[in-house]
Every structure is written in C-alpha cells, then in structure tokens.
Amino acid sequence: SPPAKDKGEVTGGTPGFLPVYIGSNVLGPSTIFYDSSHSRVGIGTSTPFAMLSIASSTKPQLMLSDPDASVDQKHWYASSTKGSLTFGTIADNLATSSISISEKIRITNAGLFGVGTTTPGSILSIQEVGNFVANGTSTIFNGLRVGGILATSSGITITGGGLTNSVSGTST
C-alpha cells in the first residue's frame, strides 16, 4: 500500500483552519477558520462573530471587482478604518507596492455620514457642498440652488419667476 502522502491525505494542520497547500501535500499557515459548531467562517480570526467575519489591520478588508469596467474603475472596497466604515475605489495597479486607494464614503462610529470627506462634521457632510444637521443650522458652502432659487450667505436670488407670499387663517 502506498504511503499516506501519495493518496492525497494530509496528516497535520490545525483543527478548524481550512488547509492551504503551499506544495504537493505540504500545508502552509492558514488564516481561514471554520467554526463548525456555529457554521461561521473567520478570515484573519479564529473567533468569527457572524457568518463571515473578516479581521485585518491591512486595508482594505473587502474588495469587489468588475473586470469589464473601465480603467481604474474596476475595484471598490469596504473597510473598517479607525472605528469608521469606509467605502472607496482602488486603481488597477494592484500588483504594485504603491496601490492608489481613494475613499469615497465614510460612516463614523458616532453615526456621521460623509461623502467625499474623511472627516464628516455633521449627520451628513458632502465635500464642497455642505454640512447638514437635524434640529440645528445646516451650512451650505457654495449656495443652495433649487428650481430657479439661489440661497447664499448674501441673500436669495429668484430667476424665472416671482415671489408669492400667502398667509391663510383668520384674525380677530
């Protein structure tokens, strides 16, 4: 009977970790863990909390790619960054040491949502547009234009129409 290694059998490895072969019948270190008692998979963790848990100090932790997209538009990432959840794009130079990552959206652990900014200052911060708050004063950086109305810090401009002020009710 041939030795065990000739049958494709492996003797060794760490229980719970999926085998990673680095050679013919040679196991290398694995970072993929399966918790069979809870049907959970951990990548970079041996204590997965959800069906899929990813733990890494290397960013980004999750990447989605569309090989048919245009140049530098193929890759989107999601990452846990210093307590915030971030989303962004990655340039096509994945094989180089100088990968170009561009953050697009950030949700802080305080619930602040930023578009185009890594430091949202209000419940909704949009780069070069404004900071919007609930129950307070929102800030518009370059004016607000809505259907012929432009509101800026210097006043309100109405184009293509007029201003109608109507009040209903009774007076006594």
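What you are looking at is a predicted structure, and each value in this text was computed from that prediction instead of being measured. (Residues numbered from 1 in each chain as written. Predicted model: local features only at pLDDT ≥ 70, side-chain atom pairs only at ≥ 80, totals over all residues. Heavy atoms only, no water.)

Participant: Hey, could you run me through the pairing of strand β9 (residues 101–107) in this one?
Facilitator: Two faces belong to every sheet, and in a regular strand the side chains alternate between them. Pairing of strand β8 (residues 84–90) with β9 involves 6 bridges; the strand directions are antiparallel. Bridge pairing links Thr 86 to Arg 106 in β9. Pairing geometry for β9 and strand β10 (residues 113–115), over 3 bridges, is antiparallel. Following the sheet pairing, Arg 106 is matched in β10 by Gly 114. Linking two consecutive strands that pair antiparallel, namely β9 and β10, is a turn of 5 residues; a positive phi of about 90° is found at Gly 111 within it. (Pairing = 2+ DSSP bridges. Helix = DSSP H or I, 4+ residues; strand = E, 2+ residues; numbered from the N terminus.)

Participant: It is not clear to me how the packing of aromatic side chains should be interpreted in this structure. Could you clarify?
Facilitator: Given two aromatic rings, one states the distance between the centres and the angle between the planes to describe the pair. On inspection of all chains with the given rule, the structure shows 1 aromatic pair. With 5.1 Å between their ring centres and 65° between their planes, Phe 17 and Phe 33 make a pair best called edge-to-face. In this pair, Phe 17 sits in the segment before β1 (20–23) while Phe 33 sits in strand β3 (residues 32–35), placing the two residues 16 residues apart along the sequence. Looking at Phe 33, the relative accessible area reads 13%, which means it is buried. (Phe/Tyr/Trp six-rings, centres within 6.5 Å; stacked < 30°, edge-to-face > 60°. Buried < 20%, exposed > 50% of the residue type's maximum accessible area, 1.4 Å probe, protein only.)

Interpretation in functional terms is not warranted from these geometric data alone.
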